[in-house]
Amino acid sequence: MAKLYANPAELIRNYIECRNQNDVHEMRGFFAPKMVVHFPPSAPVTHYRSADEFTQSIIDFRVAFCDWHEELLELWGSEDKVVCRVVESGIQHGEYMGIAGTGKRVEFLSTTVFRVNTQQIFEQWYMYDAVSILQQLDVNEDYVERKLFPDRFSGGNAMEAKRHEP
Amino acid sequence: MSHRNLELVKKLHHIWSTGKTDLIADVYSRDFVGYWPKSALVPERHGHEGVMFGVQALRTAFPDWKETVVDLFYEENKVASRTIATGTHTEKFGELEPTGNLVEIHEASTFKIFEGKVVEHQCLFDELARLNALNVDKSYLRKILKK
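What counts, and where the lines are drawn
The numbers attached to residues start from 1 for each chain and follow its sequence in the written order. For this description, chains carry letters from A and ligands carry numbers from 1, given in the order in which they are written. Given that the model is predicted, a residue must reach a pLDDT of at least 70 before its local features are reported, and side-chain atom pairs must reach 80 or more before they are shown or counted; all residues, however, enter totals for whole chains, interfaces and linings. To get the side-chain values, take all heavy atoms of the structure and skip hydrogens and water. Throughout, a residue-residue contact means that at least one pair of heavy atoms, one from each residue, lies within 4.5 Å. What counts as buried area is the accessible surface, traced by a 1.4 Å probe, that two parts surrender upon association, with contributions from both included. When a carboxyl oxygen of Asp or Glu lies within 4 Å of a side-chain nitrogen of Lys or Arg, that pair is called a salt bridge. Polar contact criterion, stated in full: a pair of N or O atoms within 3.5 Å, where within protein one must be able to donate a hydrogen and the other to accept it, and residues adjacent in sequence count only if both atoms are side-chain atoms. In DSSP terms, a helix is any run of H or I states spanning at least four residues, a strand is any run of E spanning at least two, and both are numbered starting from the N terminus. In the scheme used here, Gly and all other residues not listed as nonpolar or charged are polar, with Ala, Val, Leu, Ile, Met, Phe, Trp, Tyr, Cys and Pro taken as nonpolar and Asp, Glu, Lys and Arg as charged. Whether two strands pair comes down to DSSP finding at least two bridges between them. Helix axes are fitted only over the stretch in contact, all axes being lines through C-alpha atoms; the angle between N-to-C directions runs from 0 to 180 degrees. The cut-offs for exposure are 20% and 50% of the maximum accessible area for each residue type, with area from a 1.4 Å probe on protein chains only; residues under the lower value are buried, those over the upper are exposed, and the others partly exposed. Every helix has an expected span of 1.5 Å times one less than the residues it contains. Under this scheme an angle from 65 to 115 degrees is roughly perpendicular, one under 35 degrees roughly parallel, and one over 145 degrees roughly antiparallel; angles in between are oblique.

## Points about the interface of chain A and chain B
Turning to step 1, where the next piece is worked out: Residue-level contacts link 36 residues of chain A with 34 residues of chain B.
Turning to step 2, where the next piece is worked out: Summed over both partners, the interface of chain A with chain B buries about 3,200 Å², with 63% contributed by carbon and sulfur atoms.
Turning to step 3, where the next piece is worked out: Where chain A meets chain B, there are five salt bridges.
Turning to step 4, where the next piece is worked out: With a shortest N-O distance of 2.7 Å, glutamate 141 of chain A and arginine 142 of chain B are connected by a salt bridge.
Turning to step 5, where the next piece is worked out: Where chain A touches chain B, the interface holds eight residue pairs in polar contact (both at pLDDT 80 or more).
Turning to step 6, where the next piece is worked out: At the level of elements, strand S3 (69-77), strand S4 (81-91), strand S5 (105-116), strand S6 (121-128), helix H4 (130-136), helix H5 (141-148), helix H6 (151-154) and helix H7 (158-163) of chain A are the ones that each hand at least two residues to the side of chain A that touches chain B.
Turning to step 7, where the next piece is worked out: Take the side of chain A that touches chain B: its biggest share by element is five residues, from H5 of chain A.
Turning to step 8, where the next piece is worked out: In terms of residue class, the side of chain A that touches chain B is made up of 18 nonpolar, seven polar and 11 charged.

## Here's the deal with the sheet that holds strand S3 (residues 66-75) of chain B
Residue and element names in this part refer to chain B.
Turning to step 1, where the next piece is worked out: Taking strand neighbours across the sheet as the criterion, the six strands line up as S2-S1-S6-S5-S4-S3 in an open arrangement whose pairing is mixed. The open sheet has two edge strands with one neighbour each: strand S2 (44-46) and S3. Strand-to-strand twist in this sheet, taken as the mean axis angle between neighbours without regard to direction, amounts to 20 degrees.
Turning to step 2, where the next piece is worked out: Inspection of the sheet shows strand S1 (residues 28-35) paired to S2 by three bridges, in the antiparallel sense. Residue pairing for S2: glycine 34 is matched across the bridge by arginine 45.
Turning to step 3, where the next piece is worked out: Packing against the sheet, helix H3 (residues 47-61) makes contact with S1, S2 and strand S4 (78-88), and its axis sits at approximately 125 degrees to S2.

## Re the pairing of strand S6 (residues 117-125) of chain B
All names here are of chain B.
Turning to step 1, where the next piece is worked out: Burial within S6 is extensive, with seven of its nine residues counted as buried.
Turning to step 2, where the next piece is worked out: Direction of pairing for S1 relative to S6: parallel, over a ladder of four bridges. Its bridge partner lying in S6, glycine 34 is registered against histidine 121.
Turning to step 3, where the next piece is worked out: With eight bridges joining them, strand S5 (residues 102-114) and S6 adopt antiparallel strand pairing. Bridge pairing links phenylalanine 111 to histidine 121 in S6.
Turning to step 4, where the next piece is worked out: Between S5 and the antiparallel strand that follows it, S6, lie two residues; glutamate 115 among them carries a positive phi value of about 50 degrees.

## A closer look at the sheet that holds strand S2 (residues 47-48) of chain A
Residue and element names in this part refer to chain A.
Turning to step 1, where the next piece is worked out: Pairing is mixed in the open sheet, where six strands are placed in the order S2-S1-S6-S5-S4-S3. The two strands at the open ends of the sheet, each matched to only one other strand, are S2 and S3.
Turning to step 2, where the next piece is worked out: Here strand S1 (residues 31-38) runs beside S2; their pairing, made up of two bridges, is antiparallel. By the bridge assignment, histidine 38 is partnered in S2 with histidine 47.
Turning to step 3, where the next piece is worked out: Its contacts with the sheet put helix H1 (residues 8-21) on S1, S3, S4, S5 and S6, and the angle it makes with S3 is roughly 175 degrees.
Turning to step 4, where the next piece is worked out: Helix-sheet contacts for helix H3 (residues 51-64) involve S1, S2, S4 and S6, and the interaxial angle to S1 is about 65 degrees.

## A short note on H3 of chain B
Turning to step 1, where the next piece is worked out: Between its first and last C-alpha atoms H3 of chain B spans 22 Å; for 15 residues at 1.5 Å apiece the expected length is 21 Å, and the two agree.
Turning to step 2, where the next piece is worked out: Buried residues along H3 of chain B sit against helix H1 (2-18), helix H2 (24-27), S1, S2 and S4 of chain B.

## Looking at the packing of H1 of chain A against H3 of chain A
Residues and elements named next belong to chain A.
Turning to step 1, where the next piece is worked out: Two numbers describe how H1 lies on H3: the axes approach to 11 Å, and their chain directions differ by 40 degrees. Between H1 and H3, the angle is such that the two are oblique. In contact with Tyr15, Arg19 and Asn20 of H1, H3 contributes Phe54, Ile58 and Arg62.
Turning to step 2, where the next piece is worked out: Residue composition of the contact of H1 with H3, grouped by class: three nonpolar, one polar and two charged.

Written as structure tokens, this is what we have:
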């Protein structure tokens, strides 16, 4: 049974706290089973289509960045939408997007819009400063072309194909 | 009042979509500050002049630039929007020679409003999608990555 919060923004505040404690079980309780998470079209994975899928992605991410922390800059909402801006930071200990652990600390801004009620998150749209992460992990231009602009090599338009995913 | 704030932000996106810079003073405070990602061509804009420069530079490079609002909501003096911007790169943009390519960029913004004008804009957008759509070469990518 999902907990009931005073308002949607309060739910998200608690969700962020939970993320900072890396309490996966508690975190899973915030997600509606059929939640959808949208990443920007340039991201390697653009959608997660269930609570299980998204929870697994968080578990995987925390293997690479075990000390991850999100500092709230802005959090407010209406009846069914909440926006939060955070500074995300952590040290890359493990493999991330094909990059072996570097021991480098990254810090970047993100903005997420949640479709939510006072009990659960149904949908979220995540936007982040991806270029800043690449800069801090000191990747080179060959990596970006190979990993993030794959259509340049395949001859097709992978970005376009991802945009029209069902 | 808050409903007016929604209309104000719609009008703001309309300025960028049409190039109607005569509306800037109606929408933006003189003390306006806008923040974009550090990797953006211009990470901060100040005042009416900053907005004017941004709109003109963008619409020169992408004359058909359009910002479609896909989500918009508010709480008191704050508004959030998600937009999908599109445009055809027909003139030089920064150092980038025209490619003729169509770009489509997802953006997420929050706005603070004071006395009926926008005083702050925090914007994040899909910069990698922009770089990919503009077909930037390795030397340009190298410069961005070392910024």
